[in-house]
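# Residue-level structure breakdown
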Amino acid sequence: MRIIHWFRRDLRVTDNTALLAAARDAEGEVLPVFVLDDALLRGRDVAPARVQFLLESLAALDASLRALGSRLVVLRGAPGDVLVRLARVAQADALYFNRDYTPRARARDRQVQRALEAAGVRVRSFKDLVIFEEDELLTANGQPYTVFTPFKKAWLHRLSVDPPQPQGKPARLAPVPPLNIAEIAIPTAEALGFTISQTLPQGGEPEAWRLLQHFKESGAMRAYAVQRDFPAIEGTSRLSPHLRFGTISPRQCYAEAVATLSYAFPAPRSFSPASSDAKKEGADAWISELIWREFYIYILFHFPHADRANFNRAFDAMTWGSGNPELDATRFRAWREGQTGYPIVDAAMRQLNQTGWMHNRTRMIVASFLVKDLWLDWRLGESHFMQKLVDGDPAANNGGWQWAASTGTDAQPYFRIFNPTLQSERFDPEGAFIRRWVPELARVPNEYIHAPQRMPPSLQEAVGCVIGKDYPAPIVDHSAQKEEILRRFERCKARAN
Ligand SMILES: Cc1cc2nc3c(=O)[nH]c(=O)nc-3n(C[C@H](O)[C@H](O)[C@H](O)COP(=O)(O)OP(=O)(O)OC[C@H]3O[C@@H](n4cnc5c(N)ncnc54)[C@H](O)[C@@H]3O)c2cc1C
């Protein structure tokens with residue numbers, strides 16, 4: 001018996017459900033393969049950052065497989081075609097893989113399954129990317145949840161009945177036999193035609209594990225609830241690209257978080273964050289974020305229309321833009337380049353451009369700014385994020401954008417609009433984050449750092465930051481823009497009722 005394990009968003013050997021099942025069922029006769037699919041290298045939302053991270057993770061995966069006696073077979077082409085060919089030359093009996101839930105991945109997987117079964121190869125898929133999937137969590141009426149809090153409650157309840165246990169890795173895998181098929185070496189991003197202009201986080205399973213341990217041992221996990229909203233602080237795990245590519249599993253993350261709690265998890269009903277110490281609160285709050293990740297994967301699975309359209313169809317009638325396409329294009333460019341004149345927005349967009357990552361608080365701020373202050377369609381921002389983010393994930397990104405645009409499942413109500421200056425004062429009080437990414441503002445005193453256009457002209461000269469010359473004046477007036485977008489949302493809602 002020989003089984004092909006098809007790696008996709010599970011680029012690790014530890015706690016890999018399908019890989020472990022294949023190793024068990026075939027007694028180690030597993031053929032580990034990754035298919036470099038041209039569709040993934042060319043689509044609208046391809047990011048050089050993610051290609052680079054993926055290739056690094058594949059190299060690390062190959063090293064881990066070699067340590068187990070095997071290696072990674074890399075093929076290029078359409079998965080259906082190359083996997084059928086591989087199954088034939090390797091005389092494989094079955095193909096195993098871990099499920100993915102986006103509409104595009106599911107369509108691809110159905111096609112692959114049909115092609116392999118037609119060639120006489122058995123196909124089995126496994127739950128691995130999430131702790132609970134598909135129909136495992138439904139309301140009392142058998143419907144999918146659309147609001148986070150009851151989803152979380154159901155998730156935690158199910159967890160208490162059915163706690164996930166991270167598994168180890170296969171003890172040994174058989175060497176890959178000679179294969180009469182065109183394998184490729186893991187290419188560089190440049191060889192695939194990508195230019196990497198960002199300083200990116202490192203990929204690979206060992207790095208993911210190192211980050212998780214660091215997050216725990218540095219005390220950041222315990223302090224998460226109090227630190228996670230401040231972009232100047234290294235207060236979050238930075239595991240998002242690893243969870244995106246599966247160089248770490250959600251079960252491993254969950255288990256490490258639970259191990260830091262001094263009480264049974266899920267927390268008892270009487271648990272109150274206010275009365276608990278920060279240690280308890282931190283890991284608990286972090287587990288909540290892991291549940292948000294699963295919520296958005298679940299939403300896109302049950303409501304595939306949200307992939308391209310408003311989750312809430314009532315907002316399909318919304319008018320976006322200023323009516324002047326040239327002005328909209330200029331504003332969109334200013335947003336992308338971090339030149340809006342709103343320091344917190346500009347700092348965050350420059351961090352994205354330079355590192356491929358952005359803090360969650362600032363993701364919310366810049367998304368709100370694009371939609372509510374610039375009146376631009378959230379899909380423009382969603383697509384731009386996908387092209388830049390090393391953790392760009394169709395479900396989390398779509399969920400985050402629709403939340404900020406007030407068009408989503410459990411969205412921010414449209415009448416609650418982020419004020420970028422107040423957000424900046426609250427979450428970057430000393431301006432440390434702003435100064436790190438917007439060097440023109442480095443010498444601006446704290447008093448003016450959130451709205452440097454308010455500096456008197458003599459002070460602008462003295463600190464070397466003349467507004468309109470060294471740093472832009474705000475491209476829009478927040479209060480005026482807010483009034484108009486509120487009117488539009490109200491009109492849209494009235495039309496829908
Ligand atoms: C507009 C917008 C777009 C976003 N796009 C993405 C995206 O493309 N990919 C992505 O992974 N996250 C996205 N997020 C969610 C969140 O900002 C990132 O997951 C987080 O900033 C990653 O940093 P971290 O790993 O240090 O997170 P931590 O705070 O350490 O959280 C741990 C993990 O939980 C998950 N997570 C945390 N917050 C969220 C959330 N709000 N929604 C879903 N999952 C979450 C991530 O997998 C994260 O790695 C987006 C949020 C917004 C508002």
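Residues numbered from 1 in each chain as written. Predicted model: local features only at pLDDT ≥ 70, side-chain atom pairs only at ≥ 80, totals over all residues. Heavy atoms only, no water.

## Quick word on the packing of aromatic side chains
A complete count under the given rule lists 27 aromatic pairs for this structure. Summarising the aromatic geometry, the rings of Trp-320 and Phe-489 are spaced 6.4 Å apart at their centres and angled 85 degrees between planes, so their arrangement reads as edge-to-face. Of this pair, Trp-320 sits in the loop between helix H11 (278-302) and helix H12 (325-337) while Phe-489 sits in helix H20 (residues 478-496); the two residues are 169 residues apart in sequence, bridging distant segments of the chain. Of the two residues, Trp-320 and Phe-489, both sit in the buried class. Taken together through their ring pairs, the aromatic side chains of Tyr-145, Phe-148, Phe-151, Trp-292, Phe-295, Tyr-296 and Tyr-298 make up a single cluster. When the ring centre of Trp-375 is taken as origin, the NZ or CZ atom of Arg-488, which lies over that ring, is 4.6 Å away. (Phe/Tyr/Trp six-rings, centres within 6.5 Å; stacked < 30°, edge-to-face > 60°. Helix = DSSP H or I, 4+ residues; strand = E, 2+ residues; numbered from the N terminus. Buried < 20%, exposed > 50% of the residue type's maximum accessible area, 1.4 Å probe, protein only. Lys NZ or Arg CZ within 6 Å of the ring centre and 35° of its normal.)

## Brief notes about the pattern of salt bridges
By the definition in use, this model includes 32 salt bridges. Ionic pairing is found between Glu-234 and Arg-238, a salt bridge with its closest N-O pair at 3.3 Å. The exposed category is assigned to Glu-234, whose relative accessible area is 55%. Taking the relative accessible area as the measure of exposure, Arg-238 reaches 29% and is therefore partly exposed. Linked through salt bridges whose partners overlap, the residues forming this network are Arg-12, Asp-15, Asp-128 and Arg-251. (Salt bridge = Lys/Arg side-chain N within 4 Å of Asp/Glu carboxyl O.)

## Examining the domain arrangement of the protein chain
Domain boundaries in the protein chain define domain 1 (3-129), domain 2 (130-167 + 204-302) and domain 3 (313-496). A C-alpha centroid distance of 39 Å is found between domain 1 and domain 3. In this assembly, 10 residues from domain 1 lie in contact with 10 residues from domain 3. Both sides of the domain 1 and domain 3 interface together cover about 770 Å² of buried area, and 51% of this is carbon and sulfur. Among the residues of domain 1 in contact with domain 3, Arg-44, Asp-45 and Arg-50 are the three that bury the most area, contributing 51% of the side total. Viewed at the interface, domain 3 and domain 1 are joined by one salt bridge. One salt bridge connects Arg-9 with Asp-393, and the closest N-O pair in it is separated by 2.8 Å. For the interface between domain 1 and domain 3, the tally reads four residue pairs in polar contact (both at pLDDT 80 or more). Of the residues belonging to the side of domain 1 that touches domain 3, the class tally is five nonpolar, one polar and four charged. (Domains from an automatic or database assignment. Contact = heavy atoms within 4.5 Å. Buried area = accessible area lost by both parts, 1.4 Å probe. Polar contact = N/O pair within 3.5 Å; in protein donor to acceptor, adjacent residues only side chain to side chain. Nonpolar A, V, L, I, M, F, W, Y, C, P; charged D, E, K, R; others polar.)

## Some points on the packing of helix H15 (residues 378-388) against helix H16 (residues 394-405)
Where H15 contacts H16, the two axes come as close as 10 Å, and the packing angle between them is 145 degrees. Between H15 and H16 the crossing geometry is right-handed. Contact residues: H15 offers Trp-378, Gly-381, Glu-382, Phe-385 and Met-386, while H16 offers Pro-394, Asn-397, Asn-398, Trp-401, Gln-402 and Ala-405. (Axes fitted to C-alpha atoms, helices over the stretch in contact; angles between N-to-C directions. Left-handed = near helix turned anticlockwise from the far one by under 90°.)

## Digging into helix H13 (residues 343-355)
Counted at 1.5 Å a residue, the expected span for H13 with its 13 residues is 18 Å, and the 18 Å between its end C-alpha atoms agrees. Here H13 lies mainly inside the structure; 12 of its 13 residues are buried. Along H13, the positions that sit buried rather than exposed are Pro-343, Ile-344, Val-345, Asp-346, Ala-347, Ala-348, Met-349, Arg-350, Gln-351, Leu-352, Asn-353 and Thr-355. Turning to H13, the residues buried within the fold contact H12, helix H14 (360-373), H15, helix H17 (420-427) and helix H18 (432-437). Among the residues trailing H13, Gly-356 stands out with phi positive, at a value near 75 degrees. (Expected span 1.5 Å × (residues − 1).)

## Description of unusual backbone geometry
Positive phi outside glycine occurs at Glu-27, with the angle close to 50 degrees. Locating Glu-27 in the fold gives a position in the loop between helix H1 (17-25) and strand S2 (30-36). The exposed category is assigned to Glu-27, whose relative accessible area is 76%. You will see that Glu-134, though not glycine, has its phi angle at about 40 degrees, which is positive. You can see Glu-134 is positioned in the loop between strand S5 (122-126) and helix H6 (148-161). The partly exposed category is assigned to Glu-134, whose relative accessible area is 25%.

## Regarding the pairing of S5
Bridge count between strand S4 (residues 94-98) and S5: five bridges; the pairing is parallel. Residue pairing for S5: Phe-97 is matched across the bridge by Ser-125. Taken together, S4, helix H5 (residues 103-118) and S5 constitute a β-α-β crossover, and its handedness is right-handed. (Pairing = 2+ DSSP bridges. Right-handed = clockwise from strand over helix to strand, strands pointing away.)

## Quick notes on the side chain of Glu-484
With respect to the secondary-structure elements, Glu-484 resides in helix H20. In this structure Glu-484 touches Trp-375 and Arg-491, once residues within four positions along its chain are discounted.

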